[in-house]
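Results of the structural survey
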Amino acid sequence: MLARQRMTSDFFKWSWHLSATTRHPRKKLLVNIIMADDLATLGAAAADEAASAIVEAIDNRGQANVIVATGASQFEMLSSLVAHDEIDWSSVVGFHLDEYLDVPATHPASFRRYLRERFVDQVPLKRFHYIEADAGDARGTCDTLGRILEDHPIDVACVGIGENGHLAFNDPPADFETDEPYLVVSLDEACRRQQLGEGWFATLEDVPRKAISMSVKQILRSNRIVCTVPDERKALAVVRTVEGPVTPHVPASILQTHPAVTLFLDPASADLMSPP
């Protein structure tokens, strides 16, 4: 069953009721999709969704805990999110989704640098927990952040999807079973080529082969997930995520099992999906 509802002149909300999968044989799956015609509108819509979750958490508990993604797909979303002045940012604690192993925070491709420039330095957060992936003790870094997360249930995770279907830096086949909040992971060639293609590195050889990433299970523990995925480069990953089976070979397909995930697409990234 497929329902399509007109929301505004600029974007639509689609809901797919997907058939059961072998992994979740008795569970009805629901993926909400909002599509916008341009990146600015798309980013604003995703930011509005995230801001709503943040404000609700602060109203209910006095604090909001958020996960923030990086990459070219998040530019417009973050730009809009930091402009939401109704958010009491002093009540917001942020968490870093992933970071390259042994890349200093001063490197142009560092996700710490990205987040500092586009998010952390733009709003007066209560605290932001970076992944210090160049500290020389990757396992210790993972363990420390994991302990912090135990006391900070995530209200909203702002994420994207990679060209290879990865979720954070969980490349296929992703580990759907580990309970560890953060992992040291290996980056496959498709992922590394995406980083090169987006202009973060000069050559493929420069792209790191390992990273620290939040695990799939930890992302799914978030109360709400806002997933922003523009660009035709992501079209195949999107259709496999939404219309295919839940499989570690398409890590983002696990989003089908989350009760409150919204996927924000543009016409290019939605191009291969079945028509409504």
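Here's a quick rundown of the structure. (Residues numbered from 1 in each chain as written. Predicted model: local features only at pLDDT ≥ 70, side-chain atom pairs only at ≥ 80, totals over all residues. Heavy atoms only, no water.)

Describing the sheet that holds strand S6 (residues 98–100)
Defined as follows: Pairs of strands are assigned from DSSP output, requiring at least two bridges between the strands. Each helix corresponds to a stretch of at least 4 residues labelled H or I by DSSP, and each strand to a stretch of at least 2 residues labelled E; elements are numbered beginning at the N terminus. Here an axis means a line fitted to C-alpha atoms, over the contact stretch when the element is a helix, while the angle between two N-to-C directions is reported on a 0 to 180 degree scale.
The three strands lie next to each other as S6-S10-S9, forming an open sheet whose pairing is antiparallel. Of all the strands in the sheet, just S6 and strand S9 (182–186) have a single pairing partner and so form its edges. Adjacent strand axes in the sheet meet at a mean angle of 20° when their direction is disregarded.

Points about the pattern of salt bridges
What counts here: A pairing counts as a salt bridge when a side-chain nitrogen of Lys or Arg comes within 4 Å of a carboxyl oxygen of Asp or Glu. Partly exposed describes any residue whose relative accessible area lies between the buried limit of under 20% and the exposed limit of over 50%, with all areas from a 1.4 Å probe on protein chains only and scaled to the type maximum.
Enumeration over the complete set of coordinates arrives at 16 salt bridges. As a salt-bridge pair, Glu49 and Arg224 come within 3.8 Å of each other at their nearest N and O atoms. With a gap of 175 residues between them, Glu49 in helix H1 (residues 39–61) and Arg224 in strand S11 (residues 224–229) connect regions that are remote in the sequence. We classify Glu49 as partly exposed; its relative accessible area is 22%. Among the residues examined, Arg224 registers a relative accessible area of 18% and is labelled buried. For Arg193, the salt bridge goes to Glu189, with nearest N and O atoms at 2.8 Å.

Digging into the nonpolar core
Counted only if it meets this: Take the buried Ala, Val, Leu, Ile, Met, Phe, Trp, Tyr and Cys residues and link them wherever side-chain atoms come within 4.5 Å; each set so joined is a nonpolar core. Residue contacts are counted whenever heavy atoms from the two residues lie within 4.5 Å of one another.
In this structure, Ile54, Leu81, Val92 and Phe119 are the most contacted members of the largest nonpolar core, which totals 46 residues. Elements supplying a minimum of two residues to this core: strand S3 (29–36), H1, strand S4 (64–68), helix H2 (75–81), helix H3 (111–120), strand S8 (156–159) and S9. Dropping the residues within four chain positions of it, Leu81 is found in contact with Ala47, Ala50, Ala51, Ile54, Ile87, Trp89 and Phe119. Core analysis: the second largest hydrophobic core is formed by 44 residues, Ala138, Ile161, Leu255 and Leu265 among them.

A short note on the side chain of Ser222
Locating Ser222 in the fold gives a position in the loop between helix H6 (216–220) and S11. Note on Ser222: relative accessible area 2%, which makes it buried. When residues no more than four places from it in sequence are discounted, the contact partners of Ser222 are Ile67, Ile154, Ala157 and His258.

Side note on helix H4 (residues 138–150)
In an α-helix, one full turn covers 3.6 residues, which means residues spaced three or four apart are oriented alike. Applied cut-off: Expected helix span is taken as 1.5 Å per residue step, with the number of steps being one fewer than the number of residues. In this description, the arc belongs to the directions extending from the helix axis to the C-beta atoms.
Between its first and last C-alpha atoms H4 spans 19 Å; for 13 residues at 1.5 Å apiece the expected length is 18 Å, and the two agree. For H4, every residue scored as buried is listed here: Ala138, Thr141, Cys142, Leu145, Gly146 and Leu149. One face of H4 carries all of its buried residues, which in axial projection span an arc of 130°. The exposed set on the far side of H4, more than 90 degrees from its buried face, consists of Arg147 and Glu150. Summarising the contacts, the buried residues of H4 are in contact with strand S5 (92–96), strand S7 (127–129), S9, strand S10 (210–214) and H6.

No statement about biological role is implied by the geometric values presented.
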